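Single-letter residue listing:
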Amino acid sequence: QAHGFHFDTVQMPINIMDAHYRSFDSDNNLQFDLNTSRFTQRILVGVDYSWFRQLSRQAFDYLTVNPIDIYNPVYTPGTVADYGPLTRQVLVDTGIYGQDQIRFDDRASLVLGVRHDHVSNENTDQPTGINNVTTYRAGLTVDVAKGFSPYVSYSESFTPVSGLSQFGQTYQPLFGKSYEGGVKWQPVSAAMVRLTYFDITERNHLVPDPSQPLNSIQAGDVNARGLELQGNYNLARDLSLSVAYSHLTSKLSGQDRQQDGIPKDTASIFATKALHLRDDVAVRFGGGVRYVGQQISGDTTEFSLRVTTPSYTVVDALAALDIRSWTLQVNAVNLLNKFYYSACDTYGSCENGDPRTFNVAATYHF
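Residues numbered from 1 in each chain as written. Predicted model: local features only at pLDDT ≥ 70, side-chain atom pairs only at ≥ 80, totals over all residues. Heavy atoms only, no water.

(A) Representation of the confidence of the model for the chain in the model. Overall, the predicted model of the chain reaches an average pLDDT of 88, with 91% of residues at or above 70. A low-confidence stretch, residues 1–6 (pLDDT under 50), is modelled with two contacts involving residues beyond four sequence positions or located in other chains. (pLDDT = per-residue confidence, 0-100. Contact = heavy atoms within 4.5 Å.)

Encoded structure:
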């Protein structure tokens, strides 16, 4: 109810996406190790190839669909929307890369890397897009004292975006630059603490379309800055503990506020216990909690609607059996089956968080 009017019925649009995907990925590389009296080098060169194809069609109808009463909804069949024409996208990325990791006097490590991508993006009724991009990375770590190692790094990224917009248009690739600095501290042999500051900028970032919630658009740059603190401690009797905390400020270009749906604070703590039944058989159990801070979407100056997603904490667990080269592991996400909202957008719609979920994996180690 608003200003004496009652809004009892709402229009129910139909939006159907029928999509079929196929992909192929391959990565092949060679490694060379060179050693001298003061230097050790690990040189890596390789080629990777990825192929992605999408066949899709959409159906949409709004005006001829029967409305429903939001207080007493009765869903009745409406007009069946007709599918639009079939669209076809083929995205091919061939990358050539090289990296040299140099260790000097066992006191400093320098990493230098370069990568070149050739990308073709073919889409129905559109000219084939071609991108040739070279990116670089570098990093330096210095052991200034026993167990104390500051480090800095710089890296560039180029990522083709697969898939199409709701209107059948391809997306521009993502370009990124990252600056990172921090320190690794090992107070005792069984513990490691890492503190990192990072500054990342990405161009052509994907965000929800303000005029069409089911569509995504590329909205300029997004800048993310923050701190990460992580600690690991191996206790007695094969018991290990891991804790982590991060604080993140993420802003879109042209906005002076936290990016929609991005929490500023996250934290976790996890413990794992191993039991050795025989020399080649072990059982591992683990559990912990994850905290995700509140998220805010919308701006009163734009939509007169500002939506807050409350913070939440969930419990995760794992159980694993290691037999020789095999590992059978079961991961439980949201073990207590807590109900929570993972994100709410500016239109007031919210996504439920994942319910209790079990994932089973078998791994063979060569």
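(B) Highlighting unusual backbone geometry. Backbone geometry at Asp 105 places phi at a positive 50 degrees, although glycine is not the residue there. When you line up the elements, Asp 105 lands in the loop between strand S5 (87–104) and strand S6 (108–123). Its relative accessible area of 34% is what places Asp 105 among the partly exposed residues. Although it is not a glycine, Asp 106 adopts a positive phi angle of roughly 55 degrees. Within the secondary structure, Asp 106 is located in the loop between S5 and S6. Exposure remark for Asp 106: the relative accessible area of 57% places this residue in the exposed category. (Helix = DSSP H or I, 4+ residues; strand = E, 2+ residues; numbered from the N terminus. Buried < 20%, exposed > 50% of the residue type's maximum accessible area, 1.4 Å probe, protein only.)

(C) Highlighting the nonpolar core. Grouped together as the largest cluster of nonpolar side chains are five residues: Phe 52, Leu 91, Val 119, Val 133 and Phe 158. Val 133 has contacts with Arg 115, His 116, Asp 117, Phe 158 and Phe 175, leaving out every residue within four places of it along the chain. (Core = buried A, V, L, I, M, F, W, Y, C linked by side-chain atoms within 4.5 Å.)

(D) Representation of the pattern of salt bridges in the model. Counting across every chain of the model gives 15 salt bridges. In this structure, the salt-bridge partner of Asp 106 is Arg 103, at a minimum N-O distance of 3.2 Å. Residue Asp 316 is joined to Arg 290 by a salt bridge in which the shortest nitrogen-to-oxygen separation is 2.4 Å. Of the two residues, Asp 316 sits in strand S19 (residues 312–323) while Arg 290 sits in strand S16 (residues 281–292), which places them 26 residues apart along the sequence. What makes Asp 316 buried here is its relative accessible area of 13%. Residue Arg 290 is classed as partly exposed on the basis of its relative accessible area of 27%. Salt bridges sharing partners connect three or more residues here, namely Asp 48, Arg 115 and Asp 117. (Salt bridge = Lys/Arg side-chain N within 4 Å of Asp/Glu carboxyl O.)

(E) Structural context of a nonpolar patch on the surface. Together, Leu 321, Ile 323, Trp 326, Leu 328, Val 330, Leu 335, Leu 336, Phe 358, Val 360, Tyr 364 and Phe 366 make up a nonpolar patch on the protein surface, roughly 1100 Å² of accessible area in all. Breaking the nonpolar patch down by element, the ones donating at least two residues are S19, strand S20 (326–333) and strand S23 (357–364). (Patch = residues over 30% accessible without salt bridge, like charges linked within 9 Å, V, L, I, M, F, W, Y side chains within 5 Å. Areas by Shrake-Rupley, 256 points an atom, 1.4 Å probe, with all protein chains shown as cover.)

(F) Geometry of the packing of aromatic side chains. For the coordinates displayed, the defined rule picks out nine aromatic pairs. With 5.3 Å between their ring centres and 50 degrees between their planes, Phe 158 and Phe 175 make a pair best called tilted. Here Phe 158 is found in strand S8 (residues 148–159), whereas its partner Phe 175 is found in strand S9 (residues 174–185), with 17 residues between them in sequence. What links up through ring pairs into an aromatic cluster is the set Trp 326, Tyr 364 and Phe 366. Positioned above the aromatic ring of Tyr 151 is the side chain of Lys 184, whose terminal nitrogen or guanidinium carbon lies 5.5 Å from the ring centre. (Phe/Tyr/Trp six-rings, centres within 6.5 Å; stacked < 30°, edge-to-face > 60°. Lys NZ or Arg CZ within 6 Å of the ring centre and 35° of its normal.)

(G) Main features of the state of the cysteines. As enumerated under the stated definition, the model contains one disulfide in all. Put simply, Cys 344 and Cys 350 are joined by a disulfide, and their sulfur atoms are 2.0 Å apart. Here the S-S torsion is close to 110 degrees, and the disulfide linking Cys 344 with Cys 350 is therefore right-handed. Under the relative-accessibility criterion, Cys 350 is labelled partly exposed at 35%. (Disulfide = S-S within 2.5 Å.)

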